[in-house]
Amino acid sequence: MKYEKLDINSGSKYKWLLCGLIMGVLLIIIINLIFSYAKYKSVDSVKLASGTINYSAADLNIIAMYINDTGNTKDDQEITEMPTKGYEIDSGRSYCYTTDKNHHDEVTLYTNDNGEHIIGKLKKGSKCVLYFNEKKYTAEDTLAKLNQNSLGKVPEIKGTACGSGCYQSDSGLFETEDSDGKSYVYRGTVGNNWVQFADKLWRIIRINGDGTIRLIYGGESSSALGSYNNGKNALDRKQFNAQFNDNSYVGFTNNGTSTTTSYDTAHDGSEPSTILNELNNWYNTNLKTYGERIDTNAGFCSDRSIAPDGQAWWSSENSNRNQRGYGNKATAYGAFHRFVQTNGSYKSSGTVLNPTLRCEDVSRDLYTVKDSKQGNHLLEHPIGLITADEVVLAGGYPAQSNTG
């Protein structure tokens, strides 16, 4: 093979080749400079809950964002979009700084009462690190908005229903506890707990510990006001479950069989009960379009805890609670024990009742939708039934008329 030295003076074709290479390199450099300049001059935008900030690449270089649901800084999670609901800027930890790493403390970083994130007084070259915490609401926050006051803790519940002899001093708004803290229940003959929502009337059962409001259907029009539901129910004369020959059917869901052989198989099913199907249909017809205004974190407790002695008083079978709660074995559950049965017999007249708003087994018996941060996530929609404990707290008493 013969090698030759390239002589740019030896022929015009080599001259043009070299010139072409030089021009190509210069063209690439020029194009890169043009695009770099265009990028530098272009204006982008950052969308915020309260509006939009227009910025150029040189004005605002970066925003780093983190979200936290626990309050423990080790649980910070990086996010790519600013949360717009249920979160607030942690003003104590969030900050902005310029390219020289100096914090500019005059920058405004907070979330207002409308849930809008405010970021103001930024400087050229700013970089911001934003931390968002889940906003914690309490029942007291809601009480303040409703301009209502508690009358103290729930009075002793003994002997009679509020609708047929409850003392006037036992009617009003009272404090108790639920799984989220202080809760406030409306008890007795009260008239200031009516709410109009979704073109229907409702009554407030209680204010939950997380500040949300639990409602019960109260009628279709204003004519129901003051007439105690006007004889109307959302679901009138509907079965709780069409089946009843197995302990599985005492729950809001069941396992779809009547041959359960253990407590777990009886109560870990996901088949909706007859009443739950009815509730889902009612929700789709009446409430679905209002879904953004309905809380999806709270739940409905279907308490399937077994009474301490495990046995209903009419059963002569083994009273061991571990042998209860499945198949067709007669079983006393938690609410039945709290309000009807004491030590294997019927509660005597005048017995003090102790209702609870705490769900003993949250992971199994607190029915919630899939987006909730608690419970069993077995509900299709955030709708349920009033519990026996809520009935007692509102003024009911076993074997007593309560028409008020």
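Here, every reference points to the structure presented above.
Residues numbered from 1 in each chain as written. Predicted model: local features only at pLDDT ≥ 70, side-chain atom pairs only at ≥ 80, totals over all residues. Heavy atoms only, no water.

Undergrad: Is there a simple way to explain the overall build of the chain in this structure?
TA: Each helix and strand counted, the chain has 7 helices and 22 strands in total. Burial statistics for the chain: of 404 residues in total, 40% are counted as buried. Within the chain, residue pairs in contact and separated by at least 24 positions form 55% of the contacts whose partners lie at least 6 positions apart. For the chain, the accessible area works out to roughly 23,700 Å², and carbon and sulfur atoms hold 50% of it. (Helix = DSSP H or I, 4+ residues; strand = E, 2+ residues; numbered from the N terminus. Buried < 20%, exposed > 50% of the residue type's maximum accessible area, 1.4 Å probe, protein only. Contact = heavy atoms within 4.5 Å. Areas by Shrake-Rupley, 256 points an atom, 1.4 Å probe, with all protein chains shown as cover.)

Undergrad: Explanation requested: the pairing of strand S15 (residues 213–219) in the structure shown.
TA: Where a strand is regular, its side chains alternate between the two sheet faces. In this sheet, S15 lies alongside strand S14 (residues 200–207) in antiparallel orientation, the contact comprising 6 bridges. From the neighbouring strand, Leu 201 faces S15, where its bridge partner is Gly 219. In textbook terms, the turn of a hairpin is the stretch between consecutive antiparallel strands, and for S14 and S15 this stretch comprises 5 residues, one of which, Gly 211, has a positive phi near 90 degrees. (Pairing = 2+ DSSP bridges.)

Undergrad: Whenever I open this one, a nonpolar patch on the surface confuses me. Can you help?
TA: Side chains of Ile 216, Ile 386 and Val 391 sit close together on the surface and give an oily, nonpolar patch of about 200 Å² of accessible area. With respect to the element layout, Ile 216 can be found in strand S15. Since its relative accessible area comes to 33%, Ile 216 is described here as partly exposed. (Patch = residues over 30% accessible without salt bridge, like charges linked within 9 Å, V, L, I, M, F, W, Y side chains within 5 Å. Salt bridge = Lys/Arg side-chain N within 4 Å of Asp/Glu carboxyl O.)

Undergrad: What is the right way to look at the side chain of Arg 338 in this model?
TA: Along the chain, the position of Arg 338 falls in helix H5 (residues 334–339). Residue Arg 338 is classed as buried on the basis of its relative accessible area of 18%. At a separation of 2.9 Å, a polar atom in the side chain of Arg 338 contacts the side chain of Asp 389. Leave out the neighbours within four places in its chain, and Arg 338 touches Asp 303, Lys 347, Leu 353, Asn 354, Thr 356 and Asp 389. (Polar contact = N/O pair within 3.5 Å; in protein donor to acceptor, adjacent residues only side chain to side chain.)

Undergrad: Teacher, can you tell me more about the environment of Asn 247 here?
TA: Examined against the element boundaries, Asn 247 turns out to sit in the loop between S15 and strand S16 (253–254). Its relative accessible area of 6% is what places Asn 247 among the buried residues. Along the chain, Asn 247 and Gly 325 lie 78 residues apart, while their C-alpha atoms are 5.6 Å from each other. Beyond its immediate chain neighbours, meaning those up to four positions away, Asn 247 contacts His 267, Gly 325, Tyr 326, Gly 327, Asn 328, Lys 329, Thr 331 and Tyr 333.

Undergrad: So what exactly am I meant to see when it comes to the pattern of salt bridges here?
TA: Close approach of charged atoms allows side chains of opposite charge to pair. Evaluated as defined, the whole model comprises 14 salt bridges. Glu 390 is paired through a salt bridge with Arg 206; the nearest N and O atoms lie 2.9 Å apart. In this pair, Glu 390 sits in helix H7 (residues 388–394) while Arg 206 sits in strand S14, placing the two residues 184 residues apart along the sequence. For the residue pair Glu 390 and Arg 206, the accessibility class agrees, reading buried in each case. The structure contains a network of salt bridges with shared partners spanning Asp 178, Arg 206, Arg 214 and Glu 390.

Undergrad: I tried to follow the environment of Leu 130 on my own but got confused; where do I start?
TA: Take Leu 130: it is sitting in strand S9 (residues 126–134). Along the sequence, Leu 130 and Cys 96 sit 34 residues apart, while their C-alpha atoms lie 8.3 Å from each other. Residue contacts for Leu 130: discarding those within four places in its chain leaves Ile 63, Ala 64, Met 65, Tyr 66, Met 82, Ser 94, Leu 109 and Ile 119.

Undergrad: What should I look at first to understand the state of the cysteines in this one?
TA: Covalently bonding the sulfur atom of one cysteine to the sulfur atom of another cysteine gives a disulfide. For the coordinates displayed, the defined rule picks out 2 disulfides. Here Cys 96 engages in a disulfide with Cys 128; their sulfurs sit 2.0 Å apart. Since a negative S-S torsion denotes a left-handed disulfide, the Cys 96-Cys 128 link at about 105 degrees is right-handed. Of this pair, Cys 96 sits in strand S6 (residues 95–97) while Cys 128 sits in strand S9, placing them 32 residues apart in sequence. (Disulfide = S-S within 2.5 Å.)

Undergrad: I'm lost on the packing of aromatic side chains in this one. Help?
TA: To describe a pair of aromatic rings, you give the distance between the ring centres and the angle between the ring planes. This model, assessed by the stated rule, comprises 8 aromatic pairs. Between Trp 202 and Trp 282, the aromatic rings sit 6.1 Å apart at their centres with planes inclined by 80 degrees, giving edge-to-face as the arrangement. Here Trp 202 is found in strand S14, whereas its partner Trp 282 is found in helix H4 (residues 274–286), with 80 residues between them in sequence. Trp 282 carries the same exposure label as Trp 202, and that label is buried. A connected cluster of aromatic rings, assembled from ring pairs, spans Phe 197, Trp 202, Tyr 217, Trp 282 and Tyr 290. Its guanidinium or amino end placed over the ring of Tyr 131, Arg 93 lies 4.1 Å from that ring's centre, counting from NZ or CZ. For the cation-ring pair, Arg 214 lies above Phe 300, with the distance from its terminal atom to the ring centre recorded as 5.2 Å. (Phe/Tyr/Trp six-rings, centres within 6.5 Å; stacked < 30°, edge-to-face > 60°. Lys NZ or Arg CZ within 6 Å of the ring centre and 35° of its normal.)

Undergrad: Explain unusual backbone geometry here, please?
TA: When glycine is set aside, most residues are seen to have a negative phi, and most peptide bonds are trans. Backbone geometry at Ala 198 places phi at a positive 55 degrees, although glycine is not the residue there. Within the secondary structure, Ala 198 is located in the loop between strand S13 (194–197) and S14. Positive phi, close to 60 degrees, is recorded for Asp 199, a residue that is not glycine. Within the secondary structure layout, Asp 199 lies in the loop between S13 and S14.

Undergrad: So what exactly am I meant to see when it comes to helix H2 (residues 139–146) here?
TA: Since the α-helix advances by 3.6 residues per turn, residues separated by three or four positions end up pointing in the same direction. Looking only at H2, the buried set comprises Ala 139, Thr 142 and Leu 143. Seen along its axis, H2 keeps its buried residues to an arc of 105 degrees; they face one direction. Seen from the buried face of H2, the exposed residues on the opposite side, beyond 90 degrees, are Ala 144 and Lys 145. The secondary structure elements touched by the buried residues of H2 are strand S11 (172–178), strand S12 (181–187), S14 and S15. Immediately downstream of H2, the backbone of Asn 147 shows phi near 55 degrees, a positive value. (Arc of directions from axis to C-beta.)

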